[in-house]
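Next come the chains, spelled out residue by residue.
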Amino acid sequence: MPRHTRSDVSATRLPPGPVMVDVAGPTLTREEARRLRHPLVGGVILFARNFTDRKTLRALCADIHAARDEPLLIGVDHEGGRVQRFRTDGFTHLPPMRALGEAWDRDPLDAMRLATDAGYVLAAELRACGVDLSFTPVLDLDVGVSGVIGTRSLHRDPRVVAMLARALAQGLAQAGMAACGKHFPGHGHVAADSHHAVPVDRRSLKNILAEDAAPYGWLGDAVLPAVMPAHVIYPKVDARPAGFSPRWVGEILRGQLGYQGVVFSDDLTMEGAAVAGDITARAIAALQAGCDMVLVCNRPDLADTVLATLSHAQDAESVARIRRLMPQVPALRWKALQAEGRYQRARAALSPILPQSA
């Protein structure tokens, strides 16, 4: 299907809304362009299915940005390791974040340099193709319990996680990209995968704040302009999953920890979100808890349901927070990036910990 230009997408001037949706393939269809013009839409999340090569990805991002006069935020889960959506046509095969933690155990200062280099390479490559945000870093602790987190975690020690996350965020920022810490207050102590089940963490609030949630308090919104809560229930704090909990998002994250950045819900189609009701009820619950934007992934029918039934007035502060996530500096094109000294040095420094296929 041919890509659409600004002239046939009929751009519309709207502020970013509170719903992030996705698209089905590597080109934007007319129906998807229509969906993106809905006032409640505020962003688009990409997946591996949206990638065939860099040229097509860049064209897709350009079409998404052109759908509205104020471009929509384009995000992706691109952490490194097994969670990296784009892997071919020149993209660096980034190491799992555990590799940075292992480097810390050998030499902390070298590990922080590597984390900054990893953040720069990750963000610079994405931005060269038109992507604005990666949902990274994972701040969950590696306590040997969660298979879905596993090597995605930087370390077991929350102090090390905070230091490496800060260094990684510095690298992202050097390429003009914001960081998004996840999954608040922590997914590492539960075995169940919230994509397919409803995990329950029975620890006390004191214990969680002292360990898993500590990096969020230490780093704050200056380092983490965005945060994503977990679809995990912590019954000693609230009977609702963290992303649907005014206690977790409003009282603890924004109140007790003083966080003032964007709060994204995790994907509302995940099984861990089902306890909040149907798809519109889930969106309402997340927004009422204090989230700025909710994700509806892999189900365009459910995205359309939310857009048709959700009644939500986005307040000015929330809109301003979302706008701050958009890159403020121009990105290097791919050819210029490959020739840039900063990028070449980062790639060379990372080479000992890159997967063999890189």
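Residues numbered from 1 in each chain as written. Predicted model: local features only at pLDDT ≥ 70, side-chain atom pairs only at ≥ 80, totals over all residues. Heavy atoms only, no water.

A. A look at the packing of aromatic side chains. Here the structure, examined in full by the defined rule, presents 8 aromatic pairs. For the ring pair Phe184 and Trp248, a centre distance of 5.8 Å and an interplane angle of 85 degrees mean the geometry is edge-to-face. Here Phe184 is found in strand E7 (residues 180-184), whereas its partner Trp248 is found in helix H9 (residues 246-256), with 64 residues between them in sequence. Three or more aromatic residues joined by ring pairs make a cluster, and in this case those are Phe51, Phe86, Phe91 and Trp334. (Phe/Tyr/Trp six-rings, centres within 6.5 Å; stacked < 30°, edge-to-face > 60°. Helix = DSSP H or I, 4+ residues; strand = E, 2+ residues; numbered from the N terminus.)

B. Broad picture of the side chain of Ser318. The residue Ser318 is located in helix H12 (residues 316-323) in this model. Of the polar contacts made by the side chain of Ser318, one reaches the side chain of Asp292; its length is 2.6 Å. (Polar contact = N/O pair within 3.5 Å; in protein donor to acceptor, adjacent residues only side chain to side chain.)

C. Inspection of the pairing of strand E2 (residues 41-46) at higher detail. Among the 6 residues of E2, 6 are classified as buried, and the element is accordingly described as predominantly covered. As a crossover connection, the stretch from strand E1 (residues 19-22) through helix H2 (residues 30-36) into E2 is right-handed. (Buried < 20%, exposed > 50% of the residue type's maximum accessible area, 1.4 Å probe, protein only. Right-handed = clockwise from strand over helix to strand, strands pointing away.)

D. Region of interest: the pattern of salt bridges. Overall, the coordinates contain 21 salt bridges when judged by the stated rule. Residue Arg156 is joined to Glu211 by a salt bridge in which the shortest nitrogen-to-oxygen separation is 2.9 Å. With Arg156 in the loop between strand E6 (133-134) and helix H6 (158-174) and Glu211 in the loop between helix H7 (205-210) and helix H8 (214-223), this residue pair connects regions lying 55 residues apart in the sequence. Taken together, the shared-partner salt bridges in this structure form one network comprising Asp77, Glu79, Arg85, Arg152 and Lys182. (Salt bridge = Lys/Arg side-chain N within 4 Å of Asp/Glu carboxyl O.)

E. View of the sheet that holds E7. On the basis of which strands lie adjacent, the open sheet formed by 8 strands has the order E6-E3-E2-E1-E12-E11-E8-E7 and parallel pairing. Whereas interior strands pair on both sides, the edge strands pair on one side only; in this sheet they are E6 and E7. (Pairing = 2+ DSSP bridges.)

F. Up close: the nonpolar core. Ranked by internal contacts, the top residues of the largest apolar core, which has 101 residues, are Val19, Leu36, Leu46, Phe86, Leu100 and Trp248. Looking at this core, the element that brings in the most residues is helix H5 (residues 108-128), giving 11 residues. Setting aside chain neighbours within four positions, we find Leu36 in contact with Val21, Leu28, Val41, Val44, Ile64, Ala67, Arg68 and Leu72. Leu73, Phe135, Leu295 and Ile322 belong to the second-largest nonpolar core, a separate cluster that totals 18 residues. (Core = buried A, V, L, I, M, F, W, Y, C linked by side-chain atoms within 4.5 Å. Contact = heavy atoms within 4.5 Å.)

G. Here's a closer look at H9. Of the residues making up H9, those classed as buried are Trp248, Val249, Ile252, Leu253 and Arg254. One face of H9 carries all of its buried residues, which in axial projection span an arc of 165 degrees. After H9 finishes, the residue Gly258 shows a positive phi value of roughly 70 degrees. (Arc of directions from axis to C-beta.)

H. Region of interest: the packing of H5 against H6. Contact geometry for H5 and H6: axes closest at 6 Å, N-to-C directions at 35 degrees. Remark: the crossing between H5 and H6 carries right-handed chirality. Contact with H5, carried on its side by Ala111, Met112, Ala115, Thr116, Ala118, Gly119, Tyr120, Leu122 and Ala123, involves Met163, Leu164, Ala167, Leu168, Gln170, Gly171, Leu172 and Gln174 of H6 and no other residues of that element. Residue composition of the contact of H5 with H6, by class: 12 nonpolar, 5 polar and no charged. (Axes fitted to C-alpha atoms, helices over the stretch in contact; angles between N-to-C directions. Left-handed = near helix turned anticlockwise from the far one by under 90°. Nonpolar A, V, L, I, M, F, W, Y, C, P; charged D, E, K, R; others polar.)

I. Representation of unusual backbone geometry. Note that the residue after Thr136, namely Pro137, is joined by a cis bond; omega there is 15 degrees. Here Pro137 lies in the loop between E6 and H6. The omega torsion of the bond from Lys182 to His183 falls at 5 degrees, within 30 degrees of zero and hence cis. Checked against the element boundaries, His183 lands in strand E7. For Asp89, which is not glycine, the phi torsion reads 55 degrees and is therefore positive. As for its placement among the helices and strands, Asp89 is situated in the loop between strand E5 (83-84) and helix H4 (98-106).

J. How the structure looks around the confidence of the model for the protein. Of all residues in the protein, 96% have pLDDT values of 70 or greater, and the mean over the chain is 94. With pLDDT under 50 throughout, residues 1-11 is counted as low confidence; its partners more than four residues away or in other chains account for 26 contacts. (pLDDT = per-residue confidence, 0-100.)

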